[in-house]
Amino acid sequence: MNNLLQPFAPAALALLLLLPLGAQATEAEPAAKLANVVILATGGTIAGAGASAANSATYTAAKVPVEQLLASVPQLSNLANVRGEQVMQIASESISNDNLLQLGKRVAELAASPEVDGIVITHGTDTLEETAFFLTLVEHTEKPIVVVGSMRPGTAMSADGMLNLYNAVAVASDPSARGKGVLVTMNDEIQSGRDVSKSVNIKTEAFKSPWGPLGMVVEGKSYWFRLPVKRHTMNSEFDIKNIRSLPRVDIAYGYGNVDDTAYKAFGQAGAKAIIQAGTGNGSVAARVVPSLQELRKDGVHIIRSSHVNQGGFVLRNAEQPDDKYDWVVAHDLNPQKARILAEVALTSTQDSKELQRIFWEY
Ligand code: DAS
């Protein structure tokens with residue numbers, strides 16, 4: 001080696017020694033094939049926009065199209081092959097039964113495709129818990145279905161939507177998420193679509209399950225701590241393919257001084273069941289019972305839930321004579337979840353004992 005190169009000799013030698021290692025690296029296994037994940041966008045705050053970065057609560061929901069949502073999180077492409085569909089663009093307080101059926105049927109079509117490994121649904125937070133429960137009751141697939149929203153619009157400081165969406169795609173592309181029912185990723189947690197509900201309306205830590213989350217997502221990796229035990233997806237007796245419409249089920253709120261006005265109005269409007277969002281143990285005011293008995297005689301089911309906000313737990317014949325009145329109890333489901341299950345159950349039975357079995361099992 002001539003004098004000019006002398007000083008570089010050690011480096012050159014090191015490079016020569018390292019090259020074969022480098023060469024071995026290029027012969028390493030090809031990168032693992034990325035999962036194919038479809039993002040179905042429905043609207044909500046995760047697609048919201050405010051006038052300034054200081055507007056974390058003042059904004060318009062359901063403005064940003066799905067392409068822009070995906071573009072705002074380029075890191076998604078490290079997790080999966082992702083593509084988006086704009087199924088609807090609404091604030092979720094406005095979701096109807098027809099919207100639920102439309103979304104459910106699109107999810108089923110995609111889940112049946114061998115080209116799809118997982119599905120993410122971006123959704124408003126107001127009724128996210130209802131949609132997630134509905135899908136876990138009627139989607140017959142082991143593939144991960146993950147519903148995700150955000151408490152702040154993407155235009156706000158410390159917006160939570162981008163990481164929530166990243167986490168949702170991480171879970172939807174993870175084979176370990178298969179067969180766990182419909183999931184919800186909010187605030188780094190993986191929640192059961194059956195159990196979770198929005199318990200705070202102004203913080204990013206808004207979604208809680210009375211029985212705790214199933215796991216967590218940290219830097220794109222899922223960590224699981226428990227599994228759902230209630231029937232869902234492949235183990236459900238209900239199938240979106242067999243549901244053409246959902247019956248009307250309404251919710252009547254219980255409170256001091258309540259009378260039978262709302263119950264009678266729901267009956268006249270054609271409700272097939274009325275969910276009692278009862279005080280305490282799902283209780284019904286004594287002065288209302290005669291009208292409920294009239295409604296029951298007309299074939300309207302009465303299903304007792306509780307409006308206590310950290311998870312009610314309604315048992316048969318505890319404080320109310322359910323056997324005597326032929327009522328159903330919603331067990332641990334809050335009123336809005338009980339409505340979803342009642343609507344789905346009533347597509348297959350009108351029998352009160354069958355309804356009660358369904359409320360114990362799902
Ligand atoms: N209006 C709310 C909704 O669409 C906004 C949100 O929190 O997502 O559910």
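Residues numbered from 1 in each chain as written. Predicted model: local features only at pLDDT ≥ 70, side-chain atom pairs only at ≥ 80, totals over all residues. Heavy atoms only, no water.

Chemist: I'd love a proper account of the overall build of the protein, names of residues and values included.
Modeler: When you go through the protein residue by residue, the secondary structure sums to eleven helices and 14 strands. Seen along its three principal axes, the alpha-carbon backbone of the protein occupies a region of about 105 × 45 × 35 Å. Every one of the 362 residues in the protein was classed for burial, and the buried ones make up 51%. Partitioning the intrachain contacts of the protein with sequence separation of at least 6 by distance along the chain shows that 71% fall at a separation of at least 24. Carbon and sulfur atoms form 55% of the exposed surface of the protein, whose accessible area is close to 16800 Å². (Helix = DSSP H or I, 4+ residues; strand = E, 2+ residues; numbered from the N terminus. Buried < 20%, exposed > 50% of the residue type's maximum accessible area, 1.4 Å probe, protein only. Contact = heavy atoms within 4.5 Å. Areas by Shrake-Rupley, 256 points an atom, 1.4 Å probe, with all protein chains shown as cover.)

Chemist: Residues and numbers for a nonpolar patch on the surface, please.
Modeler: A cluster of nonpolar side chains, contributed by W211, F313, L315 and W360, occupies part of the molecular surface with about 400 Å² of accessible area. One can find L315 in the loop between β13 (301-306) and α9 (322-325). (Patch = residues over 30% accessible without salt bridge, like charges linked within 9 Å, V, L, I, M, F, W, Y side chains within 5 Å. Salt bridge = Lys/Arg side-chain N within 4 Å of Asp/Glu carboxyl O.)

Chemist: Help me get a handle on the pattern of salt bridges, residues and values and all.
Modeler: Counted according to the given criterion, the structure contains 22 salt bridges. We note a salt bridge from R106 to E109, for which the minimum N-O separation is 2.7 Å. A residue pair is termed a helical-turn pair when its members lie 3 or 4 positions apart in one helix, as R106 and E109 do in helix α4 (residues 97-111) at three residues. Judged by its relative accessible area of 48%, E109 falls in the partly exposed class. The salt bridge partner of D326 is R296, with a shortest N-O separation of 3.0 Å.

Chemist: Please provide a residue-by-residue account of the nonpolar core, values included.
Modeler: Core analysis: the biggest nonpolar cluster contains 52 residues, and L40, I121, F134 and F359 have the highest contact counts within it. Aside from chain neighbours lying at most four places away, what touches F134 is L100, L101, I240, L246, I340 and V344. By size, the runner-up hydrophobic cluster in this structure holds 25 residues, among which are V37, I46, L165 and A172. (Core = buried A, V, L, I, M, F, W, Y, C linked by side-chain atoms within 4.5 Å.)

Chemist: Outline the site of the ligand, supporting the account with residue identities and numerical values.
Modeler: Around the ligand lies a shell formed by G44, T45, Y59, A91, S92, E93, G124, T125, D126, S150 and K198. A distance of 2.5 Å separates an oxygen atom of the ligand from a polar atom in the side chain of S92. Between T125 and the ligand, the recorded distance is 2.5 Å, taken from a side-chain N or O atom to an oxygen atom. If the ligand stood free it would expose 260 Å²; the protein chains cover 92% of that surface. Put simply, the ligand lies in the second largest pocket. The residue inventory of the shell around the ligand, partitioned by class, reads two nonpolar, six polar and three charged. (Near = heavy atom within 4 Å. Polar contact = N/O pair within 3.5 Å; in protein donor to acceptor, adjacent residues only side chain to side chain. 1 Å grid on protein atoms, 1.4 Å probe; cavity = no way out; pocket = protein on both sides within 12 Å on 5 of 7 lines; lining within 4 Å. Sits in = over half its atoms within 2 Å of the grid points. Nonpolar A, V, L, I, M, F, W, Y, C, P; charged D, E, K, R; others polar.)

Chemist: Give a description of the layout of surface pockets that names residues and reports values.
Modeler: Of the pockets and cavities examined, the largest pocket occupies roughly 440 Å³. Around the largest pocket, the lining is made up of 28 residues, and of these S197, V308, N309, N334 and Q336 lie nearest the centre. Of all the secondary structure elements, the ones that give two or more residues to the lining of the largest pocket are β7 (197-198), β11 (249-253) and α10 (335-345). Considering each element in turn, the lining of the largest pocket owes the most residues, three residues, to α10. The residue makeup of the lining of the largest pocket, split by class, is nine nonpolar, twelve polar and seven charged. Quantified by volume, the second largest pocket comes out at close to 300 Å³. Lining the second largest pocket we find 20 residues, and of these T45, Y59, T125, M151 and K198 sit closest to its centre. (Points joined across faces, edges and corners; volume = space filled by probe spheres on them.)

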